[in-house]
4 protein chains.
Amino acid sequence: MTLLIKGGIVVTADLEHRADVLVDGETIVAVGLDLDPPAGAEIVDASGNYVMPGGIDPHTHMELLFMGTVSADDFEWGTKAALAGGTTTIVDFCIPDPGQRMPDAFRAWEEKAKKAAGDYSFHLAVTGWDEGTSADMAEIVSKGVNSFKHFMAYKGALMVDDDVLFSSFRTCAELGATPLVHAENGDVVAGLQASLLAAGITGPEGHALSRPPMVEAEAATRAIMIAEMAGCPLYVVHTSTREAHEAIARARARGLRVYGEPLIQHLLLDEERYRDPDWLKAAQCVMSPPFRAKSHQDSLWAGLSAGSLQVVATDHCSFTNEQKRMGMSDFTRIPNGTGGLQDRMRMLWTAGVATGRLTPSEFVAVTSTNAAKILNMYPRKGAIAPGADADLVIWDPAATATVSAADQVSRIEYNVFEGFECRGLPAKVYLRGGLAAEGGQPLVQRGTGRFVARKPFAAT
Amino acid sequence: MTLLIKGGIVVTADLEHRADVLVDGETIVAVGLDLDPPAGAEIVDASGNYVMPGGIDPHTHMELLFMGTVSADDFEWGTKAALAGGTTTIVDFCIPDPGQRMPDAFRAWEEKAKKAAGDYSFHLAVTGWDEGTSADMAEIVSKGVNSFKHFMAYKGALMVDDDVLFSSFRTCAELGATPLVHAENGDVVAGLQASLLAAGITGPEGHALSRPPMVEAEAATRAIMIAEMAGCPLYVVHTSTREAHEAIARARARGLRVYGEPLIQHLLLDEERYRDPDWLKAAQCVMSPPFRAKSHQDSLWAGLSAGSLQVVATDHCSFTNEQKRMGMSDFTRIPNGTGGLQDRMRMLWTAGVATGRLTPSEFVAVTSTNAAKILNMYPRKGAIAPGADADLVIWDPAATATVSAADQVSRIEYNVFEGFECRGLPAKVYLRGGLAAEGGQPLVQRGTGRFVARKPFAAT
Amino acid sequence: MTLLIKGGIVVTADLEHRADVLVDGETIVAVGLDLDPPAGAEIVDASGNYVMPGGIDPHTHMELLFMGTVSADDFEWGTKAALAGGTTTIVDFCIPDPGQRMPDAFRAWEEKAKKAAGDYSFHLAVTGWDEGTSADMAEIVSKGVNSFKHFMAYKGALMVDDDVLFSSFRTCAELGATPLVHAENGDVVAGLQASLLAAGITGPEGHALSRPPMVEAEAATRAIMIAEMAGCPLYVVHTSTREAHEAIARARARGLRVYGEPLIQHLLLDEERYRDPDWLKAAQCVMSPPFRAKSHQDSLWAGLSAGSLQVVATDHCSFTNEQKRMGMSDFTRIPNGTGGLQDRMRMLWTAGVATGRLTPSEFVAVTSTNAAKILNMYPRKGAIAPGADADLVIWDPAATATVSAADQVSRIEYNVFEGFECRGLPAKVYLRGGLAAEGGQPLVQRGTGRFVARKPFAAT
Amino acid sequence: MTLLIKGGIVVTADLEHRADVLVDGETIVAVGLDLDPPAGAEIVDASGNYVMPGGIDPHTHMELLFMGTVSADDFEWGTKAALAGGTTTIVDFCIPDPGQRMPDAFRAWEEKAKKAAGDYSFHLAVTGWDEGTSADMAEIVSKGVNSFKHFMAYKGALMVDDDVLFSSFRTCAELGATPLVHAENGDVVAGLQASLLAAGITGPEGHALSRPPMVEAEAATRAIMIAEMAGCPLYVVHTSTREAHEAIARARARGLRVYGEPLIQHLLLDEERYRDPDWLKAAQCVMSPPFRAKSHQDSLWAGLSAGSLQVVATDHCSFTNEQKRMGMSDFTRIPNGTGGLQDRMRMLWTAGVATGRLTPSEFVAVTSTNAAKILNMYPRKGAIAPGADADLVIWDPAATATVSAADQVSRIEYNVFEGFECRGLPAKVYLRGGLAAEGGQPLVQRGTGRFVARKPFAAT
Ligand SMILES: [Zn+2]
Ligand SMILES: [Zn+2]
Ligand SMILES: [Zn+2]
Ligand SMILES: [Zn+2]
Ligand SMILES: [Zn+2]
Ligand SMILES: [Zn+2]
Ligand SMILES: [Zn+2]
Ligand SMILES: [Zn+2]
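Here's what I pulled together on the structure shown here.

Calculation rules
- Residues numbered from 1 in each chain as written.
- Chains lettered and ligands numbered in written order.
- Predicted model: local features only at pLDDT ≥ 70, side-chain atom pairs only at ≥ 80, totals over all residues.
- Heavy atoms only, no water.
- Contact = heavy atoms within 4.5 Å.
- Buried area = accessible area lost by both parts, 1.4 Å probe.
- Salt bridge = Lys/Arg side-chain N within 4 Å of Asp/Glu carboxyl O.
- Polar contact = N/O pair within 3.5 Å; in protein donor to acceptor, adjacent residues only side chain to side chain.
- Least-squares fit on C-alpha atoms with pLDDT ≥ 70 in both.
- Donors = N, O, S within 2.8 Å, 3.2 Å for Na, K, Ca; no water.
- Helix = DSSP H or I, 4+ residues; strand = E, 2+ residues; numbered from the N terminus.
- Buried < 20%, exposed > 50% of the residue type's maximum accessible area, 1.4 Å probe, protein only.
- Lys, Arg positive; Asp, Glu negative; His and termini not counted.
- Nonpolar A, V, L, I, M, F, W, Y, C, P; charged D, E, K, R; others polar.

Once that is clear, we can look at the interface of chain B and chain A. In this assembly, 27 residues from chain B lie in contact with 27 residues from chain A. Each partner contributes to the roughly 2100 Å² buried at the junction of chain B and chain A, and carbon and sulfur atoms together form 51% of this total. Of all residues in chain B, Asp14(B), Ala253(B) and Arg257(B) bury the most surface against chain A, accounting for 27% of the area lost on that side. On the surface where chain B and chain A come into contact, there are four salt bridges. Here Lys373(A) ties to Asp14(B) by a salt bridge, and the two come within 3.0 Å at their closest N and O atoms. Between the two partners, chain B and chain A, sit 10 residue pairs in polar contact (both at pLDDT 80 or more).

Structure, rendered in structure tokens:
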């Protein structure tokens, strides 16, 4: 089937220009001025709108068993929410169960992901180290995964120590893979949690108090220095503090390939949420790192325009109200996570582009292209160029909507952005040439998504 | 006339992919896989080579009256040297004579530039301030110049004080223009020059001693802070020190639009040159800022890959041996400047891409695209996209050459890179669709170049 | 006459211990446990109290012609206020009139200072540079002044440019003298003043808006770098911002002898004062630099305990309400200055020692000993040791008072600390062995004070 | 017995002045000009010399079982070497055996220390954490130890993780004790050791390669941040890198009470030592952290004069050639440690005071007084004041000597400072009023030393 998107402003990370986009089957075949429609082509009028690459969310958790419960959105509903919001590809964290080998976990994730409506790729979590781990990592790389996640928090569960970090980072260097870190000092968090509970602080405000900014600054700084000694790049997920951002910027200025990923939540929401008198509303906002004081937000926005922070993600890991209530008497038992896949692009456009903080090209860079480049799926994903997958969003900068859980795709009952007014919405979303969402409604079925294999870089 | 460049790897700042480029007249009309040649099209085989945007050198001085003498390369020979090296556009500094109004200087520069073989644009220098200056700047902007240069050094000649800087920067903010600074503390330089001469140090080594790294670090820091208070972006030309780079990186991480420009000379040459026992060889290297200790080079390279430094320039301002000898008994009278236009791209490829420090896309970014974006001539210049000027370089990564003044285009007798082995050379260079150089030889006549008007950005 | 102060806790910058202090004439002759009173000695009971060196205020302006008017407190009333507050020595700024040579200004200051009730020393201001300046500075050093002040602000009046700074700093290096800077970028201040007035902002809030923190950060950073290139130490007066403090701390950590001086006003008062609806109250607070946002105060306090800031001063330069009213329609005409000499020590004890931020020894260091050391009048001043001048304060840590202009010594009608509750007051103050104040009342006559000559350090 | 030291220059951290010192029994009773000798007093002529407080070395290891062998100098010979060099008090690290409770270790150390010829105090090492540890720490504090050491390196032996650090630091905050850290990332060190050995690098150069500066920078930064979150001060032992120093300086400038301790070895010796072709000479220099590149030394010296580093220690832990040879085929088995107790003061005077880098008062501060203050044994130790222990050094600034193992007190056969020319030596050393060394020869017997109990500070 052939599709010609005409009359829009094509915006990529590199360029904003008036052009038509011609799609043949799943692939873009031409980008140019006044392209002639091939016979039988469907013609879509994009005039007055932007045409941009489908969004990529480099950080999601679908159907994740975490803190004793399974997150509410599986690959079907998560990717449908993503598509509704303009995101055509997610990169999900494949996390082995205790004792499980990576290849087995990978197979389990392949299985779960068969439900996906949108495209997906995986990061693999390194949750321990034994003689076989390095061979497991090589096997995983051969399957099309070039990035490995390390939790510096969640003591007693996923957390790994510096020995594992250093071993794994050096293996990444040999494999041409990129390590990712959840940067919080889990020992300090555990210590603070214990004393807060002992002091009778059991509500969601305790969650923020147990994870102060310094907890993240320390871990990010440590991971960067260990990566420098290991000779590998580093990707710091959910960078939420000024201090972590500055550590990343300093490392980059002395030549390290270090990346930082603010979440849309941290860009827009602040720690006041945890003092909401309505327990449930506060608990819905419990995620790690917690929302921060407003003073951190300016630094994150500055990083996006300066290029010292590269990608905006969601850490989408949704839990229902019932699940959140597991922690009613103990904040450490509130499942950590919120939604966001449907909201990321519209919220960032509203608060970033509509306000003049970011250009449309910078918006594309941080929502799609940079992730594709850093994770090595570019230009198959993240590009509008001949040969690229025809993942496209027709973006209407004048459209408005109010965020509401009532009409969201996600399976949970709330939305932390509830009531925000958005200006700028995805009108139509194409996944590999097919119309996958329109007017915020997903149109494709479960199983439509495909795995995106990502090769390693050259070893360092 | 129609031209089809087939079979190469098209490399832009954003993307490296196999594609053909179709040119109609002066303009690129299509980029795609296996494009069909229109009837009568000339077909150029680029297989095995890269196809990239023509280089842009954002910092040159053609036929400049400076230190009482006129630089040796005028617009004809300078742009021919540029074309021979793959650079299709230069941005030259229009510097008013003492007492001359900007519009008059602009007309004088227009006149001189009529000789140009390659395309050109101008920055205008602000060398003083009176009631009319701000109106002059507005007039200049209306003529297609959106960037203004400020010398913080050259006391008694071009140097301006902080009052002029702040006035001009605020005017830039109102006009949507970008200020540039030559960042050296001219008062300190003058003081050090006087004492060195008084101490009997008259040779070229005195040039470096009179302009230590701190002289630049201070001025760059000061200009950044003044720009922050004025609410405008800032472009720091010839950033040569780690300290200046770090000041730029820190400013960017707190949200400022500050840019830094290393010269190819500072990336590769060091201060040992000034201790050459051959006076003339040392004097040939006299430029400001001087070459630095090697420890600064790593920081500059890191900035290019991190994005905290954006462009590589030459500050091409060539003086003959005879001119250099004006300062035989006094280093302060050695005309400041070297060549470089023919060497910038081949030297950067050799030391940057061939060594793995930079990717080909990063090479394009720092030699062409970033300058075009920052100076607002993108995507007319710096892009390979339909509608862009057909300024193209067919780059042969396997070709080699040894730098030698004997076969250079520039009118001077020496080359500071003499003897360097290059790997990676421009095979063919097209200027607006016409073959402008081949095998390092310029093929176009004086007068072929055109002025590139650059609009202001939105006022801030 | 002989005096024995018995039973107190002697507190110096170095030590807190129970000891008696024996004074013979103007000099301390013994410090020890249970000293026997010589025959005829007056015995003073200090039990329950601290005995500390008399305070030194390194930064005052007595009877200064400034902004067209003369500050209200002359050497008599200023030093009486100082003595009432526990400060036995002030260091005043001798500022030449336009065109006046330094030695002439010095003589004029000697004349004015004959009225002093307390001891005094001078800094000399360098307000320009000609062939004779360096010889003038040498002559001034020979008269017992080893410190030279430079105004980087007050454009058109006292301000000097970087050329003067560098010349003077290098002369200081040769003479073993220490340069001081008032660090604000006067060009930027002038530019901001003009636009604020043009925008119709004429009230005291304009004063703060015209001197933002960056104005100080820039100038302090510049002065430090120029001092580093000149090879001399540097003393930054009235350090009021976090950024300036950090610049000082960084310079120290790379080996420079750089000092910072917070004022008691900046430690305790904030910029809200300039928004007081009562014009006069706001105008009373007008001084340069202005009071800052509260966030800067923590940094200043940290510097005092860390040792990266060394002295607390007042910049006492008092103007009456009538004088302040000169600027009713134009904030740039409000005379800059407030009082503070009587308040410095009680306010710092209350907010510093009584709260646990500073130890008593640190209090002595920053109110007396460090100034004496940095300015080279130690241990004659600032010490409790045999041979030192018997400048002593018996400090009652339990005494309380409320600050009120109604009972202050200064000749002005207001006090910016009005209403503050103090805990910790000077009970008795001795100047060279004589009781000079008691219970906050000065007891000595004009003319009692003596000039404190200060030798240069070794040249660098 | 009564002693009068006459005619010297008394130099303390605070003051340098001509004065006599009168000692009665073990205690200083008077300091003053021209003191009259009591009947029967022994009079010592100190004219032409300095009189200073006995040195305090805050970091030693006597008779330590480490890496399977016991260090060669026990409390007798270590303290005799110390006295010979002017150091009258050492603070030794009491390190529990695996499984041993702190109070038992304390008793073992009491036993070993009975041999001491000079005075001593202890730090206690926290080598693990269980329910009883916090009570053990309280008991230890009650015995006169207010400082606890934590090893972040020596994986598999003494190393503790962040959980132990945070628990212990918080306990320190409650107890008013100060934590100390050996700051090296032990996991990374272990990883690097393994790969170096695997690569066949078995010689002493591997020791330095396995402990690069970043290993220390990371750990120091981490410990500071953990201390900040725990609300306690922090003392970083053997600070050897610029990066660690800068982390300390930054922490201090934001208000933390963080201290840094360069060793005399790191101030003067560099990593070239590990490339000595004579294996044994290189092995003699093996200690942790290793000697560094020269560029770090400037930063350490700057810290001492700026006050951002406070004390100079030795980490005296001596091993004989035979013991060093345990690691002939594997650098990880070379016992870590060198001597230094006899050399610290003469080397620091020679390289610091005789060169003008430090004043005599700064010398006293960093060799004695600051340690006494930070560790809370001031003014009993570290002071020349009535009531203080009569630990005194008569220092001859003109005396010279060449360092040689041939005439040293320590039991080992070598000295890493062999051949250095010293200018400035201790002529006589008094311990609590008794002549304990003269001309570099110890004069007191084993058992003369006494334990110095140190109280906690106020809890934070
Ligand atoms: Zn996470
Ligand atoms: Zn996550
Ligand atoms: Zn220049
Ligand atoms: Zn130039
Ligand atoms: Zn001032
Ligand atoms: Zn002043
Ligand atoms: Zn250690
Ligand atoms: Zn040790």
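What follows picks up the thread again.
Moving on: the relation of the copies chain A and chain D. Rotating chain A by 180° and moving it 0.0 Å along the rotation axis overlays it on chain D with an RMSD of 0.0 Å. What the rotation and shift describe, once combined, is the action of a two-fold rotation axis. Nearest to the rotation axis, the C-alpha of Arg222(A) is located 3.6 Å from it, this being the minimum over chain A. Same-surface contact between copies: 100% of interface residues of chain A are shared with the interface of chain D.

Residues and elements named next belong to chain B. Protein-derived ligands of the zinc ion (ligand 4) are His59 (NE2), His61 (NE2) and Asp315 (OD), with the metal-ligand distances lying across 2.0 to 2.2 Å. In primary-sequence terms, the residues that donate to the zinc ion (ligand 4) follow H-x1-H-x253-D. The distance between the zinc ion (ligand 4) and the zinc ion (ligand 3) is 3.5 Å. With His59 in strand β8 (residues 55-60) and Asp315 in the loop between α11 (295-306) and α12 (321-324), this residue pair connects regions lying 256 residues apart in the sequence. The exposure classification of His59 matches that of Asp315, with both residues buried.

Quick look at the side chain of Glu261(B) now. Residue and element names in this part refer to chain B. Positionally, Glu261 belongs in the loop between β16 (258-260) and α9 (264-268). Lys149 is the oppositely charged side chain nearest to the buried, salt-bridge-free Glu261, at an N-O distance of 7.4 Å. There is a polar contact of 2.8 Å between the side chain of Glu261 and the side chain of His59.

Here we come to the interface of chain A and chain D. In this assembly, 24 residues from chain A lie in contact with 24 residues from chain D. For the pairing of chain A and chain D, the buried interface totals around 2000 Å² over both sides, and the portion due to carbon and sulfur atoms is 69%. It is Met214(A), Met225(A) and Met229(A) that lose the most area in chain A upon contact with chain D, and together they represent 28% of the buried surface on that side. Between chain A and chain D we count six salt bridges in total. Here Lys155(D) makes a salt bridge to Asp163(A), at a shortest N to O gap of 3.7 Å. Counting every contact that joins chain A to chain D gives eight residue pairs in polar contact (both at pLDDT 80 or more). Those elements giving two or more residues to the side of chain A that touches chain D turn out to be α4 (162-175), α5 (186-198) and α7 (213-230) of chain A. Among the elements that take part in the side of chain A that touches chain D, α7(A) stands out by supplying 10 residues, more than any other. Class assignment of the residues belonging to the side of chain A that touches chain D gives a composition of 10 nonpolar, four polar and 10 charged.

All right, on to the pattern of salt bridges then. All names here are of chain A. Applying the stated criterion across every chain, the model contains 128 salt bridges over all chains. The salt bridge partner of Glu26 is Arg432, with a shortest N-O separation of 3.1 Å. Pair noted here: Glu26 is in the loop between β4 (20-24) and β5 (27-32) and Arg432 is in the loop between β18 (421-431) and β19 (434-438), with a separation of 406 residues, a long-range link.

When C-alpha atoms are compared, chain A and chain C, though not in contact, are closest at a spacing of 12 Å. Kept free of each other, chain B and chain D leave a smallest C-alpha distance of 12 Å between them.

With that out of the way, let us pick up unusual backbone geometry. Negative phi is the rule for most residues except glycine; trans is the rule for most peptide bonds. Omega for the peptide link from Ser288(A) to Pro289(A) comes to -5°, which places this bond in the cis form. Note the cis peptide between Tyr378(A) and Pro379(A), where omega equals 0°. The backbone of His238(B) sits at a positive phi, close to 30°, despite the residue not being glycine. With respect to the helices and strands, His238(B) occurs in the loop between β15 (234-236) and α8 (242-253). Exposure remark for His238(B): the relative accessible area of 2% places this residue in the buried category.

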